[in-house]
Amino acid sequence: MITLTFPDGARRQYAPGTTGFEIAKGISPSLAKRTVAMALDGMLADLSDRIERDAKIEFVTRDDPRALELIRHDCAHVLAEAVQTLWPGTQVTIGPVIENGFYYDFFRNEAFSPEDFPAIEKKMREIIAKDKPFTKEVWSREDTKQVFADRGENFKVELVDTIPAGEPIKIYKQGDWFDLCRGPHMTLTGKVGSAFKLMKVAGAYWRGDSRNPMLTRIYGTAWPDQAQLDQYLHQLEEAEKRDHRRLGREMDLFHFQEDAPGAVFWHAKGWTLFETLVAYMRRRQQEAGYLEVNTPQLIDSSLWVASGHMEKFREMMFLTEKHEDDERVYTIKPMNCPGHIQIFKNGLKSYRDLPLKIAEFGKVHRFEPSGALHGLLRVRAFTQDDAHIFITEEQIAEQTLAINNQLLSIYSDFGFDDVRIKFSDRPSKRLGDDAVWDKAEAALKLALEKSGRPWTLNEGEGAFYGPKLEYVLRDAIGRDWQCGTIQVDLNLPGRLGAFYIAPSGEKVVPVMLHRAMFGSLERFIGILVEHYAGHLPLWLAPIQARVCTITSDADSYASDLVQAATRAGLRVDADLRNEKITYKVREHSLAKIPLLLVVGKKESAERSVSIRRLGSPEQKSMAWEDALAMLRAESGPPDVKRLQEAA
RNA sequence: GCCGGCUUAGCUCAGCUGGUAGAGCACCCGCCUUGUAAGCGGGAGGUCGCAGGUUCGAUCCCUGCAGCCGGCACCA
């Protein structure tokens, strides 16, 4: 006999091989009817599974949160059956559950289009209405391959080979239709319900490899009930409203145009934001002892040959054409490091000069694949808050740790407190001996351990010249963005002939750390706009306050306020147009102006303002002097405020 | 780069099976001097992404190219 423990703590004995369904039915027929799967020791399993060992058992009903992935997975199978019924000859591949839904990849000579969705969804509803039982069979490896081969399902045959030896080959049937699948599934197709929707079609490479054939992927979403589906669709609409490309236009920050794919036209307001971030980072770098420099945009390609970029990074680089009067080919810099090494090399350096921290807001150009471009988040021309720190080998851990700490402090100033660290080790395409890589990776790991922060390994994702740490921010709506990076480089300084004089009088090649905090200013701004949904904090807002007149009688008073505020270093302007105040409030609210200072006859007579904050209908009347003082205090950058508080 | 889709006024979008275009908002002008998320009236604005082709005739059909969008691959 085996002993099963129930959620209420009760223990009962059963004959080995009893199925979950039998047990549920024994407890109550209605429970058996409601149950869609079970969990054995916390692991989801088919209700039809025979239980052979002692275990904790729970019955999972359809409204159990754990049933959600089953609903989605079953829905994927229903989708696959529907597609194969409508278009015989289509090959099935894989159909996993993903966040908020599922997808299924198909192979067919002709791609699917969203226009096919109504027909597919209709067929899916028929399959669900038939309420066919999901049944599991275990087949032999050879039989499985033969069956799928006979049906022309070549991708499935290939999948069978990826299943490790010793694992059962499981086939799930829903009526006549069946699929190779790890499971588990619910009991009946009817349990999928009706709250599902096909979302989009996309191409996807077989097994994620661009050398493989492209499949057609159909994405869908599925929920326990219609209300949750509706809520999800509503959420998607809301997310669209905070898209930085849309907000960038509405807030008049920047634009793109066809002539310059992947390059930003920064408008005055966007550029103010950009410069505000640069000023912030400049202060933070000065406090940490960096020296800011500037290096050429175009450098003779021979330098990039020496650095190894031409060999390992060529396809990402823009090169000039040979000029009639000058046979040289120049490279538009894709990175700042070779330039910074030139500055290091200029003049003899001593070990006493180390660590030497060279920083640049360097604009780099990289030939990103056209399909990768995405607003500000992925561009071809971008500005890095880049720095290269020249040190001795002994200083690697200590300097890495210092950068790590400053990075976290900086992110926190923007409200990013959930930061993950990824450690990327040697890639296949790399410079330098393995012994050098061993050393670099070990030093980075040591620094990570000293920081005491958790990290994950990102295998083979390092830069071609060294391993790296990558800092991933989680934004206000839970999306992850890679921003900062610290890279240990034991290759480039030597290749480019950099050295310092050690205490012994010998020439020694320095170690170089590459680091970026924002990463790309362009990308960081895109992330910020979405993170704040356009509601930038006062210190970042391009226009911090807008004075709105109610009648033209207040025009000159309004102009006085703007002048006084501007002299106080604030970014304030006025709307003197002959429009109703409701009209002005609406317009400037949509433009995400943080503060509206409304002035009419009353205010101009008593030298006050009526303040309205973005996102709140409240109005607060204050004397102008008080309002100005409040604005000044509130609009300070976080690092400046910290210094003021400390003083 | 790959797969699919899209490209009409500054923005959002209509435009039936081919007969050279329309709305709302924005813009300009006039009226209203206005009290916290859209006052009223009028006007102007488009080589329908670019280049070819089919046709008596193309925004519409076909081909190529570009950009964008959604994924995939790649990545700050």
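Residues numbered from 1 in each chain as written. Chains lettered and ligands numbered in written order. Predicted model: local features only at pLDDT ≥ 70, side-chain atom pairs only at ≥ 80, totals over all residues. Heavy atoms only, no water.

Enquirer: Just checking my understanding: could you explain the protein's contact with RNA strand B for this structure?
Expert: Around RNA strand B there are 54 residues in total, and Asn578, Lys580, Glu603, Ser610 and Arg612 lie nearest to it. At the protein interface, 51% of the atoms of RNA strand B within 4 Å belong to sugar or phosphate. A distance of 3.1 Å separates a sugar or linking oxygen of RNA strand B from a polar atom in the backbone of Gly203. In the environment of RNA strand B, a base nitrogen lies 2.6 Å from a nitrogen or oxygen atom belonging to the side chain of Tyr205. (Near = heavy atom within 4 Å. Polar contact = N/O pair within 3.5 Å; in protein donor to acceptor, adjacent residues only side chain to side chain.)

Enquirer: Looking at this structure, I do not really get unusual backbone geometry. What am I missing?
Expert: Excluding glycine, residues mostly carry a negative phi; peptide bonds, for their part, are mostly trans. Along the chain, Gly183 connects to Pro184 via a cis peptide bond; the corresponding omega equals -5°. Relative to the helices and strands, Pro184 resides in the loop between β13 (177-180) and β14 (196-205). For the peptide bond that leads from Leu354 to Pro355, omega is -5°, which places it in the cis range. In this model, Asp252 sits at a positive phi of 60°, which is unusual for a non-glycine residue. Looking at the secondary structure, you find Asp252 in the loop between α8 (244-250) and β16 (254-255). Since its relative accessible area comes to 34%, Asp252 is described here as partly exposed. (Helix = DSSP H or I, 4+ residues; strand = E, 2+ residues; numbered from the N terminus. Buried < 20%, exposed > 50% of the residue type's maximum accessible area, 1.4 Å probe, protein only.)

Enquirer: Explain the state of the cysteines here, please?
Expert: In protein structure, a disulfide is the covalent linkage between the sulfur atoms of two cysteines. According to the stated counting rule, one finds zero disulfides in the structure shown. Free cysteine Cys75: the closest other cysteine sulfur is in Cys181, separated by 14 Å. (Disulfide = S-S within 2.5 Å.)

Enquirer: What am I meant to see in the sheet that holds strand β34 (residues 595-599) here?
Expert: Remark on secondary structure: sheet strands pair via backbone hydrogen bonds, oriented parallel or antiparallel. Taken in spatial order, the five strands line up as β33-β32-β34-β35-β36 in an open sheet, and their pairing is mixed. Whereas interior strands pair on both sides, the edge strands pair on one side only; in this sheet they are β33 (572-575) and β36 (619-623). Strand-to-strand twist in this sheet, taken as the mean axis angle between neighbours without regard to direction, amounts to 30°. Contacting β32 (545-549), β33, β34 and β35 (608-613), helix α18 (residues 581-590) crosses the sheet at an angle of about 165° to β32. (Pairing = 2+ DSSP bridges. Axes fitted to C-alpha atoms, helices over the stretch in contact; angles between N-to-C directions. Contact = heavy atoms within 4.5 Å.)

Enquirer: How do you make sense of the nonpolar core when you look at a structure like this?
Expert: A general feature of soluble globular proteins is that nonpolar side chains tend to end up buried together. Leu277, Tyr411, Phe414, Phe518 and Phe524 are the most contacted members of the largest nonpolar core, which totals 59 residues. Listed in part, the 32 residues of the second largest apolar core include Ala39, Ala82, Leu198 and Ile218. (Core = buried A, V, L, I, M, F, W, Y, C linked by side-chain atoms within 4.5 Å.)

Enquirer: How should I be thinking about the pattern of salt bridges in this particular structure?
Expert: Opposite charge on two side chains lets them pair, provided their charged atoms get close. Evaluated as defined, the whole model comprises 42 salt bridges. Put simply, Glu470 and Lys468 hold a salt bridge, and the shortest N to O gap is 3.2 Å. Taking the relative accessible area as the measure of exposure, Glu470 reaches 5% and is therefore buried. Given a relative accessible area of 15%, Lys468 falls into the buried group. (Salt bridge = Lys/Arg side-chain N within 4 Å of Asp/Glu carboxyl O.)

Enquirer: What exactly am I supposed to notice about the side chain of Ser608 here?
Expert: As for its position among the elements, Ser608 is in strand β35. For Ser608, the contacting residues outside a window of four places in its chain are Tyr557, Val599, Glu603, Ser621, Met622, Ala623 and Trp624.

Enquirer: I tried to follow the domain arrangement of chain A on my own but got confused; where do I start?
Expert: Interfaces are often sized by the accessible area lost when the parts come together. According to the domain assignment, chain A consists of domain 1 (2-61), domain 2 (67-239), domain 3 (254-531) and domain 4 (545-644). The distance between the C-alpha centroids of domain 2 and domain 3 comes to 42 Å. (Domains from an automatic or database assignment.)

Enquirer: Could you clarify how one ought to interpret the side chain of Asn458 in this entry?
Expert: Here Asn458 is to be found in strand β26 (residues 455-458). A polar side-chain atom of Asn458 sits 3.4 Å from a polar atom in the side chain of Glu470. Residues within four places of Asn458 in sequence aside, it is in contact with Lys422, Phe423, Ser424, Asp425 and Glu470.

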